[in-house]
Amino acid sequence: MEEWIGQWWHRAVLRVAEPDRADVRVTLDEMRRSIALLYRAGGGDAAVRVTPVADSRHGGPRGWLQRLAGSGIRVPLPVLDWETLALPPQVSVFEQRELNRELYLWLAALAAVFEPSGDWVADNRAATARALQRFAGMRGRHQRLTQAHLEQRPALSSLRTDAAPFEAAVQAALRGDDHSPLFVEPQQVAPVWLWLTAGQSNAPAGTSGSTGGGAGERPDGAPDAESKQRRRSQRVEQKEARNPLLVAAKVEALNSWSELVRLDRGTDDEVDPNATTAANDMDTLSLARGEQTTASRVKFDLDLPSASADDLPLGPGRKTPEWDWRRGVMQPDHCAVQCSVARAGMPYVPPQALRATARRVRRRLEVLRAAPRWQNGQTTGDDFDIDAWVRFQTESQGGVQHTDSPPVYLRRQRGERSLATLLLADLSLSTDAYATNSARVIDVIRDALYVFGEALAGTGDAFEMLGFSSVRRQHVRIQHIKGFGEGWNDTVRARVGVLKPGFYTRMGAAVRDATRRLSARSERQRLLLVLTDGKPNDLDIYEGRYGLEDTRHAIQEARDAGLIPFCVTIDKEAHEYLPMLFGSQGYALVKRPQDLVQRLTQAWVTLAR
């Protein structure tokens, strides 16, 4: 009863101290696309992700109700670092909802030109001037936000003597006036919602080396929304190991969650249910490298099959480069790529329903191949070519001479199509997870490859199928399923039937190998389709931004070679990174994995027109 009353009292006081402002609240999910678009349009780094930020401590005054409720200590302050633009999950700072929405847009514009030097006030003043110069249309919006925010700032007379000079400097900087040369930190004043805080300016220490034996996956499954929040962290060195059963003698030194206690503890396979709560109570997370990397590496290496049980290698293998975004250099011959083919197995017998789907899709593609197509830029035709007409009028007004029969018409006619397609399927270990209650991701991919092969075999267009996975840069594995010179036959179907989950996803090396193969084709139109279920990652440094940047560089190399790269994915979080890799129109998200069979072929039909 006492506990129940205490919880009720806490909730009641908290509702009064922090009232719900749902009528003016704007969420980050509502504004994410607009923020990303404005940030990149202003020159922001395309690899920086927009993500929610965790709460952090501020130095502003609190009302007596907040002190009574124990609230108002921590707020989600905007942070820009080398990898993310971390913004508040929701904003209800101002009384008008439109101002809260404009605050998100202003922070995106500010982040696009933010150049941290270590002086928080000076950095934000300089970034504000650059943002208003680059986004001249935001001057009125910034004035409204500044005026509304200054009205919310605490009065100097209400502050302590030691805190008043810092607040005076901040208010003067917001107004654009000169102020005393004080070095102010965000934790010393009330939250400044119009400014950004600089996070880590470079890649965290330790990313240049191995990350140990972990695979980058959480032991307790997919992270929830709260655990995805961006938190401040610092890298610390781990002391030599001691007996984990020894207890520290100075127990009085254990003051709070936020202090790093160099105390060796025994590890446990069970997930700590209080880990997220503890992280939320810390201003800065201290990260240290674990001591158990050797055993982990041996365990993962033992997962590699023996030569007698592994697939058959095709040729001696090749070396491919890899892009190091931190140094801005291409590392030649950095990855070893080995192509292999599955050993002969039992014939693949797909289910009756899948065969019916394949026949239906094949008939549809055969009809599309026989249908006449619109030809652009014709001197005579059935309809106007709007693009050609606008171009003709523009050139004519510019003084360009044209013939009496300008090519501004569309005409439907039959013609031979010159098209080659290479399908690159992700066969990493994550495909062993269940996509539905009855089928794994690898099963869905296998069905999609079968239907895709049956359908393209009916069109007569050249196509090749490959799978890929990796175990560090020395073992990038390309699974040969069907080559350009092979027909769609029982042998190829059997290779589709024996596909199984592999290892990890070094996508950049696989895309470069596929680009090399497809570039050798003479067809006028060459499609590179990538089928995946997640972002690039591997056991070494190939994760996070490193993997994304290398993959983006590989995709751009494919475009430079005249290929048309396109990605089909079932990853629900693909919108966070695929626009950076393939462009906003360069990928298709399949929300229901069972729809992959139809969507893959549909994407090919759209691209092949």
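This structure is a prediction, so every number in the text was calculated from the model and none was measured.

A cluster of nonpolar residues, M1, W4, I5, W8, W9, W64 and L68, forms a patch on the protein surface that exposes about 920 Å² of accessible area. Listing elements by their share of the nonpolar patch, those giving two or more residues are α1 (2–17) and α3 (64–69). Element by element, the count of residues in the nonpolar patch is highest for α1, at four residues. As for its position among the elements, M1 is in the segment before α1. Using a relative accessible area of 72% as the deciding quantity, one classes M1 as exposed.

Per-residue pLDDT for the chain has a mean of 81; in total, 79% of the residues score no lower than 70. Predicted confidence in the chain is weakest over helix α9 (residues 293–302), with a mean pLDDT of 45, and strongest over helix α14 (residues 507–519), with 96. This stretch, residues 201–222, has a pLDDT under 50; its non-local contacts, to residues over four places away or in other chains, come to 39 contacts. Contacts of residues 293–302 to residues separated by more than four positions or lying in other chains number 12 contacts, the stretch itself having pLDDT below 50.

Now for the sheet that holds strand β5 (residues 79–80). With mixed pairing, the four strands of this open sheet are ordered in space as β2-β6-β5-β8. The outermost strands of the open sheet, each flanked by one partner alone, are β2 (49–52) and β8 (197–198). Relative to strand β6 (residues 84–87), β5 runs antiparallel, the two sharing two bridges. Bridge pairing in β6 links L80 to L85. Strand contacts of helix α2 (residues 28–41): β2, β5 and β6, with the helix running at about 150° to β2, the strand carrying the most contacts.

Relative to each other, α2 and helix α4 (residues 97–112) sit at 35°, their axes nearing to 9 Å. Seen from above, α2 lies across α4 with right-handed handedness. Contacts between α2 and α4 involve L28, E30, M31, S34, I35, L38 and Y39 from the first element and R97, R101, Y104, L105, A108, A109, A111 and A112 from the second.

Let's shift gears to the pattern of salt bridges. Scanning all chains against the criterion turns up 30 salt bridges. R440 is the salt-bridge partner of D443, the closest N and O atoms lying 3.5 Å from each other. Exposure remark for R440: the relative accessible area of 23% places this residue in the partly exposed category. The network of salt bridges with common partners includes D45, R545, E549 and R552.

The rules behind each value
- Residues numbered from 1 in each chain as written.
- Predicted model: local features only at pLDDT ≥ 70, side-chain atom pairs only at ≥ 80, totals over all residues.
- Heavy atoms only, no water.
- Patch = residues over 30% accessible without salt bridge, like charges linked within 9 Å, V, L, I, M, F, W, Y side chains within 5 Å.
- Areas by Shrake-Rupley, 256 points an atom, 1.4 Å probe, with all protein chains shown as cover.
- Salt bridge = Lys/Arg side-chain N within 4 Å of Asp/Glu carboxyl O.
- Helix = DSSP H or I, 4+ residues; strand = E, 2+ residues; numbered from the N terminus.
- Buried < 20%, exposed > 50% of the residue type's maximum accessible area, 1.4 Å probe, protein only.
- pLDDT = per-residue confidence, 0-100.
- Contact = heavy atoms within 4.5 Å.
- Pairing = 2+ DSSP bridges.
- Axes fitted to C-alpha atoms, helices over the stretch in contact; angles between N-to-C directions.
- Left-handed = near helix turned anticlockwise from the far one by under 90°.

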